[in-house]
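Tertiary structure, described
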Amino acid sequence: MPEEYSKYHRHPAKPVRTLQHAANDGQIIAVNCSLCRRHINYLASDLVQVLNPARPVDAPPFACSRCGKADYMSVKVKTPSAGDYGHLVIRRLLGVRSVWEWGNRPLGDEVKPDAGRKRN
Ligand SMILES: [Zn+2]
């Protein structure tokens, strides 16, 4: 995923709040797509497992899963309130799926770890 933060302008004196900061504080990353109006809540502590923890917390974590665009996404960082527990729906990281990749290579050829990315 390209990590271009240059479009998120900040006052130079204001320190960048990172995803790791939000994870440490148990915060929710509420992502809104204004193009298709999809709204998803993530836990910052889930996102730091799959994204760079040093990324700015207000950078959209993913492109919209419905319309595929990231240009219309906005991010709000929330601290859960007592009433959110048991009610607020969060898109949780349920697991990581790994896939074995196989390919035909001549005997004696060195197999590099990323060789499976080529489809053949
Ligand atoms: Zn969308």
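Preceding this paragraph is the structure being described.
Residues take numbers from 1 onward in each chain, read along the sequence in its written order. Predicted model: local features are reported for residues with pLDDT of at least 70 only, side-chain atom pairs are reported and counted for 80 or more only, and whole-chain, interface and lining totals are derived from all residues. Excluding hydrogens and water, the side-chain figures rest on all heavy atoms present in the structure.

Some words on the side chain of Q27
Selection rule: To qualify as a helix, a DSSP run of H or I must reach at least 4 residues; to qualify as a strand, a run of E must reach at least 2; elements of each kind are numbered from the N terminus. Residue exposure (1.4 Å probe, protein chains only): buried if accessible area is under 20% of the type maximum, exposed if over 50%, otherwise partly exposed. By definition, residues are in contact when any of their heavy atoms lie within 4.5 Å.
Locating Q27 in the fold gives a position in the loop between α1 (19–24) and β1 (28–33). In this structure Q27 comes out as buried when scored by relative accessible area, which is 10%. Excluding anything up to four places from it in sequence, Q27 contacts R17, A22, Y42, L43, A44, V77, K78, T79 and P80.

A word on the coordination of the zinc ion
Definition in use: Counted as donors are the N, O and S atoms within 2.8 Å of the metal, or 3.2 Å for Na, K and Ca, while water is not among the atoms, so some sites may look incomplete. Key to geometry: four donors with every angle between 85 and 135 degrees are tetrahedral; four donors are square planar and six octahedral where opposite donors lie over 155 degrees apart and all remaining angles lie between 65 and 115; all other sites are irregular.
Binding of the zinc ion to the protein goes through C33 (SG), C36 (SG), C64 (SG) and C67 (SG), at separations of 2.3 Å. Geometry at the zinc ion is tetrahedral, judged from its 4 donor atoms and the angles of 99 to 122° they form at the metal. Counting along the primary sequence, the residues that act as donors to the zinc ion give the motif C-x2-C-x27-C-x2-C. Residue C36 is located in the loop between β1 and β2 (39–43), and its partner C67 is located in the loop between α2 (44–50) and β3 (73–78); the two are separated by 31 residues in the primary sequence. Relative accessible area serves as the criterion here: at 26%, C67 is assigned to the partly exposed category.

Brief notes about the nonpolar core
The condition is simple: For this analysis, a nonpolar core means a set of buried residues of the types Ala, Val, Leu, Ile, Met, Phe, Trp, Tyr and Cys, connected via side-chain atoms within 4.5 Å.
Residues L19, I29, V31, Y42, A44 and L47 are the most contacted members of the largest nonpolar core, which totals 17 residues. Residue contacts for Y42: discarding those within four places in its chain leaves Q27, I28, I29, V31, L47, P61, F62, I90 and R91.

With respect to the pairing of β2
Operational definition: Strand pairing is defined by DSSP finding a minimum of two bridges between the two strands.
Burial analysis of β2 places 4 of its 5 residues in the buried class, which makes it a mostly covered element. Between β1 and β2, which pair antiparallel one after the other, the connecting turn spans 5 residues, and R37 there sits at a positive phi close to 65°.

As for the sheet that holds β1
Selection criterion: The axes are straight lines fitted to the C-alpha atoms, using for helices just the contacting stretch, and the angles between their N-to-C directions are given from 0 to 180°.
One open sheet holds the 3 strands; their spatial order is β2-β1-β3, and the pairing between them is antiparallel. Unpaired on one side and paired on the other, β2 and β3 mark the two borders of the sheet. Direction aside, neighbouring strands of the sheet carry axes that sit 20° apart on average.

Some details on the layout of surface pockets
Condition: The way it works is a 1 Å grid over only the protein atoms, where trapped points that fit a 1.4 Å probe form a cavity and open points with protein on both sides within 12 Å along at least five of seven lines form a pocket, and then any residue with an atom within 4 Å of a point lines it. Grid points are joined across faces, edges and corners, and a volume is the space filled by probe spheres set on the points.
Space inside the second largest pocket adds up to approximately 220 Å³. Together, 15 residues line the second largest pocket, and I40, Y42, F62, S65 and R91 are the ones closest to its centre. For the lining of the second largest pocket, the secondary structure elements donating two or more residues are β1 and β2. Of all the elements, β2 adds the most residues to the lining of the second largest pocket, at 3 residues.

Observations regarding the environment of T79
Cut-off, in case you're wondering: Whenever a nitrogen or oxygen atom comes within 3.5 Å of another N or O atom, the pair is scored as a polar contact, on the condition that within protein one atom can donate a hydrogen and the other can accept it, and that pairs from neighbouring residues in sequence are kept only if both atoms are in side chains.
Checked against the element boundaries, T79 lands in the segment after β3. Taking the C-alpha atoms as reference points, T79 and I28, separated by 51 residues in sequence, lie 6.1 Å from one another. Here Q27 takes part through its side chain, which lies 2.9 Å from a polar atom of the side chain of T79.

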